[in-house]
Amino acid sequence: MLKYFPSGDSALIVKAGDQISVEINQTIRRLLARVEMERISGITDFIPSYNELMVCFNPSVTDFRKLLDTIRSLEPTIADIQLPPSALIEVPVLYGENLSDNFGPDLEDVARFNKLTVDEVIQIHSSVTYLVYMLGFTPGFCYLGGMDSRIAMPRKETPRLKIPEGSVGIADQQTGIYPIESPGGWQLIGKTPLKLFDPNRKPEFLFEIGDTLRFKPISETEYIKLIQEQAKQTSS
Amino acid sequence: MAEIIIEKGGMLTTIQDSGRHGYQRFGMPVSGAMDLLSLQIANTLVGNPCDEPSLVGNIPGAAALEATLVGPEILFVGASEETSASFSSPTLFCTTIAITGADMQPCINGKPIQMYTPIKVMSGDRLTFLGLKTGCRTYIAFAGGLNVPLVMGSRSTYLRAKIGGLEGRALKTGDVIPLGSFTNLADKNSSQKITCEIPDYQTNRPIRIIPGPEIKRLDFEGIRTFLTTEYTVSANSDRMGLRLGGQPIHIKGTKGHDIISSGISFGTIQLPGNGLPIILMADRQTTGGYARIANVLTDDLPRVAQLKPGDKINFVEVPHIHTN
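Each value, and the rule that gives it
Residues numbered from 1 in each chain as written. Chains lettered and ligands numbered in written order. Predicted model: local features only at pLDDT ≥ 70, side-chain atom pairs only at ≥ 80, totals over all residues. Helix = DSSP H or I, 4+ residues; strand = E, 2+ residues; numbered from the N terminus. Contact = placed C-beta atoms within 7 Å. pLDDT = per-residue confidence, 0-100. Nonpolar A, V, L, I, M, F, W, Y, C, P; charged D, E, K, R; others polar. Pairing = 2+ DSSP bridges. Axes fitted to C-alpha atoms, helices over the stretch in contact; angles between N-to-C directions.

A.B. asks: Explain the overall build of chain B to me, please; I cannot follow it from the model alone.
C.D. replies: Of regular secondary structure, chain B possesses five helices and 20 strands. For chain B, the share of sequence-separated contacts (at least 6 apart) that also reach a separation of at least 24 residues comes to 75%.

Structure representation (structure tokens):
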């Protein structure tokens, strides 16, 4: 059962449920695919999230009522949309304290908090396939589902002012990667050399809604090699 | 070739167009001018095409400068293509500019100039501002636009990701920005003054809102507070959003402020745990986890964009189609 709300006079919200679930998120992805197929004039952007699709439009071209009627008329065909199989993307991570940098300054705290060893935290974190429910917060930031609650830990009481790009962290029941340098309160356990967002690359973003990912522990040597390879690719 | 040299950056001067559309599903904010109406008027006055954002073949409009509270100082250098072709004038015609939005008392070579009018500037001319009289953000458009690279379909500066504009940052002393080539419509019509309706930023009319998807989380008392309080724009406000100070709005339940992270649009009013509303603006995040209690009407967003810290704001609800 879909519900519709206006978000002012320049966006329409379609809501597919009130909780976070794979099924509801798939409905959102189907809806997005279906509405995109129509190429409706006046639509300027889409923001899919866990349980909603926001359709942004130019109010001088179309309006809420017209879009509402169009999207409602598509409702019966949404279930028929075949979603493409989810891509599985491997994200190499250098966990913990390494090199001159401290890439995962909170890894030991996460282990201690959960009465585990550092190696167990790494093992648990890297043995799950995570689903990209949505992107938001900063360019390329993935909201991931599927983290094992054995490695959960609340956010830091005082957020850090600067978290470097590529940092991998844990906040409560969530794990995530910082695509750009930003302030934040997540417990940092490692860092990936992959660029989740690069405005000068095509495609600019490594992930999209519906993708899946796995973390793969790597050594310092591999980390440096991957950084060098990436630098070569962008310069060529 | 014509270019501008930034002699002083002002408080926060960035290059903006109508924004980066089509990437919000990846968490990419739209950015663009805070006051899109002023940007559009300024571009029109100098003969620049205006864009209509669309997912199919979006053509970005010309990029202009958005100056905040304290204006920049700009030196015009070089000649427009038109001048180079004719060699007719002793002083080189550089470009045509138009200034809209906040009144910062613009001057060319120390002499006050009109806003909302195309102004011809010569090579060696200097644009300065005497100081803010009204509003918060001034727009300076140049015939041909500012010729910086397109990043993901837009020239807008997004400071947090350091992209767009000039190296993704605010302008500073010594920056040189080339002007784009143009067919100077405004100059051809220079004898006839182009007139336009100047938006009234001084009015005390309340800002019109449509209730948001989480409006039902407010009880009667909460709605009354929201619609009767005169709020003050806080000093923490920026291009992401205007934070308001005043009477906190009561929400039902202890977890009532939290929602599952969901989309937000230009002008969405969020209610975080402290009960003080935030109006989300040009550099807003694409999604947020606070209750969305209302949205500002598109036509009233320019007035919101022209509010500066300390200014007052109040809201009035306007009818809209309710569906569920």
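So that's the structure; there's more coming.
A.B. asks: Mind showing me how you'd approach the confidence of the model for chain B here?
C.D. replies: Should the pLDDT be low somewhere, the predicted coordinates at that spot are not to be read in detail. Residues and elements named next belong to chain B. Here chain B shows a mean pLDDT of 90. Residues at 70 or above account for 88%. Predicted confidence is poor over residues 184–192, with pLDDT under 50, and the contacts of this stretch with residues over four places away or in other chains come to 18 contacts. Across the interfaces of the predicted complex, the ipTM metric reaches 0.94, alongside a pTM of 0.93.

A.B. asks: What exactly am I supposed to notice about the interface of chain B and chain A here?
C.D. replies: Residue-level contacts link 39 residues of chain B with 45 residues of chain A. Elements with a contribution of two residues or more to the side of chain B that touches chain A: β15 (258–263) and β18 (287–296) of chain B. Per element, the largest residue contribution to the side of chain B that touches chain A is four residues, and it comes from β15 of chain B. Taken together, the residues of the side of chain B that touches chain A break down into 16 nonpolar, 20 polar and three charged.

A.B. asks: Explain the sheet that holds strand β2 (residues 11–15) of chain A here, please?
C.D. replies: By way of backbone hydrogen bonds, the strands of a sheet pair with one another, either parallel or antiparallel. Residues and elements named next belong to chain A. The sheet built from four strands is open, its strands ordered β1-β2-β4-β3 with antiparallel pairing. Across the chains shown, the open sheet's two edge strands, defined by having one partner strand only, are β1 (3–6) and β3 (43–48). Averaged over neighbouring strand pairs, the angle between their axes works out to 20 degrees when direction is ignored. Alignment of β2 against strand β4 (residues 52–57), held across five bridges, turns out to be antiparallel. Residue pairing for β4: V14 is matched across the bridge by L53.

A.B. asks: Just checking my understanding: could you explain the sheet that holds strand β6 (residues 130–135) of chain A for this structure?
C.D. replies: Residue and element names in this part refer to chain A. Strand order across the open sheet formed by seven strands is β7-β6-β13-β5-β12-β9-β10, with mixed pairing between neighbours. With one partner strand each, in any of the chains shown, β7 (142–145) and β10 (174–177) form the two edges of the open sheet. Averaged over all pairs of adjacent strands, the angle between their axes in this sheet comes to 40 degrees, without regard to strand direction. Direction of pairing for strand β9 (residues 167–171) relative to strand β12 (residues 187–191): antiparallel, over a ladder of four bridges. Each bridged residue has a counterpart across the sheet, and for I170 the counterpart in β12 is Q187.

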